[in-house]
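Single-letter residue listing:
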Amino acid sequence: MSTSSQGSSNRNSNSRTSLKPSPNLKSKPTQRRNTTTTATSAAPKDHTTVPGRVRVAVRLRPRNAEESVADADFADCVELQPELKRLKLRKNNWDGETYEFDEVLTEFASQKRVYEVVARPVVESVLDGYNGTIMAYGQTGTGKTYTLGRLGEEDTAARGIMVRAMEDIFANVSLETDSVSVSYLQLYMETIQDLLDPANDNIAIAEDPKTGDVSLPGATLVEIRDQQSFIELLSLGEAHRFAANTKMNTESSRSHAILMVHVKRSVKGRDASHSSENGNHPHMVKSLKPLIVRKAKLVIVDLAGSERIDKSGSEGHMLEEAKSINLSLSALGKCINSLAENSAHVPIRDSKLTRLLRDSFGGTARTSLVITIGPSPRHRAETASTIMFGQRAMKVENMIKLKEEFDYKSLSRRLDIELDKLIMEHERQQKAFEDEIERLATEAHHRISEAERNYADSLEKERSKYQKDYMESIKKLEEKFVMNQRKNEDSRIKSSSEVVIPGVSAEEMADLKKMLQKETLLRKAAEGETNNWKIQVAELKQSEASAKSEISKLHKMLEDEAHQKEKLEGEIAILQSQLLQLSLEADETRRHLDGGGFDKEVGGRDSLTSQIKHQQQVSGNGAKPSIAKLFEQVGLQKILSLLESEDADVRIHAVKVVANLAAEETNQGKIVEAGGLTSLLTLLKTTEDETIHRVAAGAIANLAMNESNQELIMAQGGISLLSMTAANADDPQTLRMVAGAIANLCGNDKLQTELRGEGGIKALLGMVRCRHPDVHAQVARGIANFAKCESRASSQGIKSGRSFLIEDGALSWIVQNANNEASSIRRHIELALCHLAQHEANARDMIKGGALWELVRISRECSRDDIKTLAHRTLASSPAFQAEMRRLRLSH
Ligand code: ADP
Ligand code: MG
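Remember, predicted model here, so these are calculated numbers, not experimental data. (Residues numbered from 1 in each chain as written. Chains lettered and ligands numbered in written order. Predicted model: local features only at pLDDT ≥ 70, side-chain atom pairs only at ≥ 80, totals over all residues. Heavy atoms only, no water.)

Caption draft 1: Geometry of a nonpolar patch on the surface. Among the surface-exposed residues, Tyr470, Met471 and Ile474 lie close enough to one another that they form a single nonpolar patch of about 290 Å² accessible area. Along the chain, Tyr470 falls in helix 14 (residues 397-494). Given the relative accessible area of 43%, Tyr470 is considered partly exposed. (Patch = residues over 30% accessible without salt bridge, like charges linked within 9 Å, V, L, I, M, F, W, Y side chains within 5 Å. Areas by Shrake-Rupley, 256 points an atom, 1.4 Å probe, with all protein chains shown as cover. Salt bridge = Lys/Arg side-chain N within 4 Å of Asp/Glu carboxyl O. Helix = DSSP H or I, 4+ residues; strand = E, 2+ residues; numbered from the N terminus. Buried < 20%, exposed > 50% of the residue type's maximum accessible area, 1.4 Å probe, protein only.)

Rendered as structure tokens:
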């Protein structure tokens, strides 16, 4: 990144991406600084609206000579990812917390780069007329003064922020019209001393009640016109500071050094127009060309060491003194907390430092904070507290996390209610559907049977009617016939002369015909009627069928509803597992804040820490359930059952939750008892997902720290599952976890033969294909553990013959890495070599493989005395090595 683009892009992103304009260190909004009358009227109106989130950079100091020796065997307590602007604070071998900053500056960051990212945006805005502050916060010895105050007289590349800022200012002002003046002060035990005039040792702070401007009328203000005189001034200040501190018998780490640079610039109309270009009268501005005086103040503060006094050994201060020594620092912490929490009251009046920074911090001023940390794991607690200070200053990421957590909680609650409502609605609808179906069915039955009954009735009626008619007609015909016969006989008897035609008369014939016709008609009508009924029956049958299809449609809808319900329940399970995950993280953070050893030490608790703790308690307000409570709510069994969920997301969440729980020793027993270990091992087998493999292996590695769990892992075929996972994994982190788990198993005396028999050593060696040093360190640890157990077994006569490590071909890797640069790898291997060398059965292979040379080297130059002695003793007691060394004319 080029110098200028770096600076300007930072400035732009400031105004674009800041969360919200951070409030000034003022309890109520006040007017802008003491501008001259002309300047006030023409002052750029955006002055009061420039947003200014505090930009926070973290800078890591390289290991110093002492740490290089004393911490040689330990990893740094932090791991930086500058490209992601992240810092990871290591907790243990597997785990750590990650924090984001505006800038992450590694131990290799140059002073130039530090100036560009931390200070240049502030200096530029001071040149534009805004107040600005640059502060360095951190434990004594982490590089605050190195970052801010180095003069770089011998080596210009070493120049710190104060010197570079002044260079930038001089490059941008014109000495004819502008002026630059400087005060240099020390604040110690709430007293402000003038470093440019030591006699002046109690300077009062003046505050303009109207404008809120802060000034130190009693302080020496030196106008400077060139860089050289500035450097001389700084050296003079430093010398006075040293003398004053010697006189008062204090250390400079207890005081704050404050450099104030007042820049007064005259800006011609045209120049000024850019700030009033959205004003309405650019032509007026141009023609009048008013002279605008821009006054701004740059304050650079090299804060007192953030460590608690008791720790670094108080030099016999009385209690009262001890309290006021860090008063300003803790007041600054409190103000930052209040600002970060947006709380109504910001306690600026509590200390001189906060009063002094009142018009230079946040709000209309631009502020950069650089927090400095050291790499040593011995100061992990101080480093953690510095990091938390930085996080608060940039409005603390974990506050956002906490909010998220609250959102999840209420969302989950809302979904629960929603689900309950849906279930109720669903039940109601189901009941209504069933009632409707029953009603339709009975109605249909009813109608069908009625129709059938009607049909049968009318059929019967018709039939009997026709039968009756028919019988009547037959009867009539018979009567007629009898009557006719009787008539014929009578007439034959009465008038024998008369001729009688036998049979019927023409009249009767016509009657008979008519009757027949009528009958035919009636039958036809009956037939029509029957057809009608038939049609009606068919229609009814059809309506019954459509009712049935309606019923099956309703069934389908019911199924859909049930499906939807299942889906919602799944989502709730995911949310609950996410909630648990978040709570775990929040809990972790809280413990981190609460803990870090602060509570263990009696008295002298850093008031910043207690402040943060208090805020946590207040903001928590008892609404957040403890993890134990959530545990009760969700239940370990439920979490473990989620490991088998069909939804991959749920599985991932669940395994993360289990892994987090497994990191705590107190939970491990419960997890194993509930079958968690078996579930985790099963996951390695049943899933292909690399994240799950990594997290599950991490959890197994944590559980594998316990001896009885190690046996369980073996008994459940853990070695072959871990070997399989190792063979398929590409991700170094996964391999590190798997190697860590196997390394833990390697340290169990009882499992040696079985572990080797199931390919544990081969799997371990296979992982060195990944070049990551962390993986190699775990492999080396496993080998050392194994060699140690083997050596114990050999000396007890349980094991005889060559080491399994040698048989499985580990020797050449061991020899190759015996002098590895990384101490975490080298130490384990040195120990492994000593253990292997203790048994004559291994001597021949070791000599052949070049291990003797390494042992000799270790016995001569290992920086750890105990290992050096061990190697020496081992060589001395082995006849085979002694013989070979005589042959080679080696002495040791
Ligand atoms: P502080 O002011 O925080 O107490 P110092 O600035 O005095 O710490 O630094 C302590 C020591 O560490 C000094 O010897 C300093 O030269 C060295 N140091 C600090 N930061 C760095 C760095 N980034 N690179 C090299 N040395 C450093
Ligand atoms: Mg210092």
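Caption draft 2: Examining the sheet that holds strand 2 (residues 78-81) more closely. Across the sheet, which stays open at both edges, the three strands sit in the order 2-3-4 with antiparallel pairing between neighbours. Either end of the sheet is taken by a strand with one partner, and the two such strands are strand 2 and strand 4 (96-100). Averaged over all neighbouring strand pairs, the angle between strand axes comes to 20°, with direction disregarded. Note that strand 2 and strand 3 (residues 86-90) share four bridges and pair antiparallel. Each residue of the ladder has a partner; that of Gln81, found in strand 3, is Arg86. Across the sheet, helix 13 (residues 380-393) lies against strand 2, strand 3 and strand 4, angled at about 150° from strand 3, the strand it touches most. (Pairing = 2+ DSSP bridges. Axes fitted to C-alpha atoms, helices over the stretch in contact; angles between N-to-C directions. Contact = heavy atoms within 4.5 Å.)

Caption draft 3: Looking closely at the packing of helix 33 (residues 851-861) against helix 35 (residues 879-887). It is the contact of helix 33 with helix 35, at a shortest axis distance of 12 Å, that shows an interaxial angle of 90°. Judged by the inter-axis angle, helix 33 sits roughly perpendicular to helix 35. Within the contact between the two elements, helix 33 uses Leu852, Leu855 and Val856 and helix 35 uses Phe881, Glu884 and Met885. By residue class, the composition of the contact of helix 33 with helix 35 is five nonpolar, no polar and one charged. (Parallel < 35°, antiparallel > 145°, perpendicular 65-115°, else oblique. Nonpolar A, V, L, I, M, F, W, Y, C, P; charged D, E, K, R; others polar.)

Caption draft 4: Seen up close, the site of ligand 1. Every residue near ligand 1 is listed here: Arg59, Arg61, Pro62, Gln139, Thr140, Gly141, Thr142, Gly143, Lys144, Thr145 and Tyr146. Residue Lys144 places a side-chain N or O atom 2.8 Å away from an oxygen atom belonging to ligand 1. Within the backbone of Tyr146, an N or O atom sits 2.7 Å from an oxygen atom of ligand 1. Coverage of ligand 1 by the protein amounts to 65% of the 550 Å² it exposes when considered alone. Here the element with the most residues in the shell around ligand 1 is helix 5 (residues 144-149); it accounts for three residues. Here the residues of the shell around ligand 1 are counted per class, giving two nonpolar, six polar and three charged. (Near = heavy atom within 4 Å. Polar contact = N/O pair within 3.5 Å; in protein donor to acceptor, adjacent residues only side chain to side chain.)

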